[in-house]
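Architecture at a glance
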Amino acid sequence: MQDFQPDLVEKYQILLQKDPKSQVFAPLTEAYRKMGLIEEAFRIAVRGVQFNPHFSGGRIALAKVFLDRENLASAIEELEKAVEISPDNILAHATLGDCYLKSRQPKEALRAFKMVLFLSPNHEKAIKAVQKLESLTADEYEDELFEMKKLGATEIKFNLKNHGQDDEAITRLRPVNTWSVASHLERMLSLIDAFIVRNDMEKAIETIQTAEEQLGSHPELVKRMRLVRERTLEESEPTPENSQNIRRSETLNSKIDLLQSLLERLKTKSY
């Protein structure tokens, strides 16, 4: 059992009493877990998530309590919501990977740990998990959430040339094998899709551009960029009502300009 600070726990309790909607429920839940007060931790976590449904840290805390209560399915559900809310949360992806392993879902676990590596390339546990799982799931691409094929050496070279790289640059940039390039593309696509689901189009575009810089133009990246731009355009297009208001505003401004011009002429004549 990890150490905890009683003074800090008391501080969390006071803060939560003053504001039941405070996000301090998450560290307080974790403290109660470490103290062995699982049911109290569960009660606080459930109520806290109800007040803060879009707080990924709270859902992770609740997921850990579910694990303490041996409710693996509910823990996975909370962690899946956590990574949807916060696609760059390393702890959420890593914990979700562990849960997928416990529920005997190796392909899902592999995807989760690859996301951890994308966000933190030196994460030792994720590195070991991916190495082991890749050797056990040779057919992983058959059931992938985001369908795509492995990139062959010829296609990689073609993509890099399309992106303006000469042969010398390609040699310098490609100390990696085909499998690692395909895996990296897969992680990038997963993160892009997560941002799209989250409706964070700015980060989605930024990630697509980063992927194109690293891997060149790939059909899956082009498809997602088209989707993002279409959604962005739909949101920016004025509604008929807004268009009418804009036209009214323009007409009013024109009338004001005309009146000001007439006034200026009258002043000139008066002098």
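Calculation notes
Residues numbered from 1 in each chain as written. Predicted model: local features only at pLDDT ≥ 70, side-chain atom pairs only at ≥ 80, totals over all residues. Heavy atoms only, no water. Axes fitted to C-alpha atoms, helices over the stretch in contact; angles between N-to-C directions. Helix = DSSP H or I, 4+ residues; strand = E, 2+ residues; numbered from the N terminus. Parallel < 35°, antiparallel > 145°, perpendicular 65-115°, else oblique. Left-handed = near helix turned anticlockwise from the far one by under 90°. Contact = heavy atoms within 4.5 Å. Nonpolar A, V, L, I, M, F, W, Y, C, P; charged D, E, K, R; others polar. Salt bridge = Lys/Arg side-chain N within 4 Å of Asp/Glu carboxyl O. Buried < 20%, exposed > 50% of the residue type's maximum accessible area, 1.4 Å probe, protein only. pLDDT = per-residue confidence, 0-100.

Overview of the packing of helix H1 (residues 6–18) against helix H2 (residues 25–34)
Packed helices, taken two at a time, are described by their axes: the angle between them and the distance between them. Contact pair H1 / H2: the axes reach a minimum separation of 9 Å and the direction vectors enclose 135°. On the basis of the axis angle, H1 is oblique to H2. When you trace H1 past H2, the crossing you get is left-handed. From H1, Val9, Tyr12, Gln13 and Leu16 reach across to H2, where they touch Phe25, Pro27, Leu28, Ala31 and Tyr32. For the contact of H1 with H2, the class distribution of residues is eight nonpolar, one polar and no charged.

With respect to the environment of Ala75
You can see Ala75 is positioned in helix H5 (residues 72–85). Put simply, Ala75 and Ala63 are twelve residues apart on the chain and 4.1 Å apart in space, counted from C-alpha to C-alpha. When near neighbours in sequence (up to four residues on either side) are disregarded, Ala75 contacts Ala63, Phe66, Leu67 and Cys99.

Section: the pattern of salt bridges
Counted by the stated rule, this structure contains ten salt bridges. The partner of Arg224 in a salt bridge is Glu220, and the shortest N-O contact between them spans 2.6 Å. Note that Arg224 and Glu220 are positioned in helix H13 (residues 219–236) at a spacing of four residues, about one turn of the helix. The pair Arg224 / Glu220 is uniform in exposure class, with both members buried. Linked through salt bridges whose partners overlap, the residues forming this network are Glu30, Arg33, Lys64 and Asp68.

Describing unusual backbone geometry
At Glu70, a position not held by glycine, the phi torsion is positive, near 60°. With respect to the element layout, Glu70 can be found in the loop between helix H4 (56–68) and H5.

Points about the confidence of the model for the protein
In this model, the protein carries an average pLDDT of 76, and 66% of its residues clear a pLDDT of 70 or more. The low-confidence segment residues 138–179 (pLDDT under 50) makes 66 contacts with residues lying over four places distant or belonging to another chain.

With respect to the packing of helix H3 (residues 38–51) against H4
At a closest axis distance of 9 Å, the pairing of H3 and H4 adopts a crossing angle of 145°. In the crossing of H3 with H4, the sense of the turn from one axis to the other is left-handed. Where H3 abuts H4, its residues Ile38, Ala41, Phe42, Ala45, Val46 and Val49 lie against Gly58, Arg59, Leu62, Val65, Phe66 and Asp68. When its residues are assigned to classes, the contact of H3 with H4 shows nine nonpolar, one polar and two charged.

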